[in-house]
Amino acid sequence: MSGPDILEALRVSDGSSRQDDSPRQLTTVRGASDTVFRVAAHGGGVLVLSIMTLVGLFLAVRGAEAIASAGPSFLTEQDWEPNSGRFGIAAVLFGTVAIALIAIFVALPLAVGAATYISEYAPLGLRTLLVGIVDLMAAIPSVVYGLWGMFWLEGAILPVAQWISTYFGWIPIFNVPNFNPGDPLATPTVFTASAFLAGLVVAMMVAPVAASIMREVFAQAPIGEREGALALGSTKWGMIRSVVYPFGMGGMIGGAMLGLGRALGETIAVYLVISPVFVIQPHILQTGSNSISSLIALRYGEASPFELSALMAAGLVLFLITMLVNFGAGIIIQRSRSGAAS
């Protein structure tokens, strides 16, 4: 029997009356477990987005009175006197960004180094221990870091801040106007409770989070490309620079941005180590700084109804900035997991 005859016999035996070769339409039949999982997954995503939207709406509604009263000056005014009609977040917004950038500048090299050593150099037994330590550091409450910064780091960092100001004071951000390096009686108290100190404390909180993300991304670097680089005569460090870092670039950027998001919103640790001032302080080594989150913590307990509205408006600005940073970090990390950065 020839091939067409066999095909025709199969069609007849199958009871099919179709005489063409058009594809049949496939249908998907989902079981109960698939339906439950689908509903739970979609419901969880919708719930998270709904909660974030409600938080933003709550802050916008509660802060609308203050925003309407201040107008555009809410973003440009440095003073914080809501009850007298002069208030704005220019000073605290500048301090928030300055502390966050200092934290990222310090934390990023630490995170990259820790992630590289754990994923590429550490022996297996030590690697497991280090992973646990890094994850534990990320879970330590911020108040512990704040107390550490207030009672130990502040005294230990004063000579370092004084040295930086002495030899790099020609750079505007490192200049301290009230400090004379040539005066042997100059007091180092002008370096206490500065944005530099707050940035270092926050950096110790940010580094474990960024290191955990980077370590996971580094571990996903393709084995074939690793072995190919080594087979071509590359050293271990050369392989890391040419394979692991390019592959994990998205994760490095995403980890840094997630750390920046946490640094922007840090409250207790910053509140414990800074000396609040309501003026833009461009000298990061000098006493006095502020942030939006510490402003809210400082003034919330004794705030009048109108000042409470102003604090809610300040919280709305911080909420929007943090959400923007975190969304950007999530997009970059998601792309890095696909290997597109390699």
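Refer to the preceding data block for the structure.
If you're wondering where the values come from, they're calculated on a predicted model, not measured in any experiment.

Conventions adopted
- Residues numbered from 1 in each chain as written.
- Predicted model: local features only at pLDDT ≥ 70, side-chain atom pairs only at ≥ 80, totals over all residues.
- Heavy atoms only, no water.
- 1 Å grid on protein atoms, 1.4 Å probe; cavity = no way out; pocket = protein on both sides within 12 Å on 5 of 7 lines; lining within 4 Å.
- Points joined across faces, edges and corners; volume = space filled by probe spheres on them.
- Helix = DSSP H or I, 4+ residues; strand = E, 2+ residues; numbered from the N terminus.
- Nonpolar A, V, L, I, M, F, W, Y, C, P; charged D, E, K, R; others polar.
- Phe/Tyr/Trp six-rings, centres within 6.5 Å; stacked < 30°, edge-to-face > 60°.
- Buried < 20%, exposed > 50% of the residue type's maximum accessible area, 1.4 Å probe, protein only.
- Salt bridge = Lys/Arg side-chain N within 4 Å of Asp/Glu carboxyl O.

## Considering the layout of surface pockets
Of the volumes computed, that of the largest pocket is approximately 310 Å³. The leading source of residues in the lining of the largest pocket is helix 3 (residues 90-121), at six residues. Split by residue class, the lining of the largest pocket holds twelve nonpolar, no polar and no charged.

## A few points about the packing of aromatic side chains
Aromatic ring pairs are reported here in terms of the distance separating the ring centres and the angle at which the planes meet. Across all of its chains, the model carries eight aromatic pairs by this definition. Judged by centre distance (6.0 Å) and plane angle (85°), the ring pair of Trp80 and Phe87 falls under edge-to-face. We note that Trp80, like Phe87, is buried. Note on Phe87 and Phe306: the rings are 5.6 Å apart at their centroids and 85° apart in plane angle, and the pair reads as edge-to-face. With a gap of 219 residues between them, Phe87 in strand 2 (residues 86-87) and Phe306 in helix 12 (residues 305-337) connect regions that are remote in the sequence. Residue classification places Phe306 among the buried positions, given a relative accessible area of 19%.

## Observations regarding empty space enclosed by the protein
Once rolled over the atoms, a probe with the size of a water molecule shows which space is left empty. Scanning all chains against the criterion turns up one cavity of 30 Å³ or more. Of the voids in this model, the largest cavity is the one considered here, and its volume is about 60 Å³. If you trace the largest cavity, you find it lined by Ala91, Phe94, Gly95, Ala98, Ala195, Val277, Val279, Ile280, Gln281, Ser289 and Asn290. Top contributing element to the lining of the largest cavity by residue count: helix 3, with four residues.

## Description of the pattern of salt bridges
Two side chains of opposite charge can pair, provided their charged atoms sit close to one another. Scanning all chains against the criterion turns up six salt bridges. Here Arg215 ties to Glu216 by a salt bridge, and the two come within 3.1 Å at their closest N and O atoms. In this structure Arg215 comes out as buried when scored by relative accessible area, which is 12%. Residue class for Glu216 comes out partly exposed when judged on its relative accessible area of 44%. One connected set of salt bridges, linked through shared partners, spans Glu77, Asp79 and Arg86.

Geometry only, nothing functional implied.
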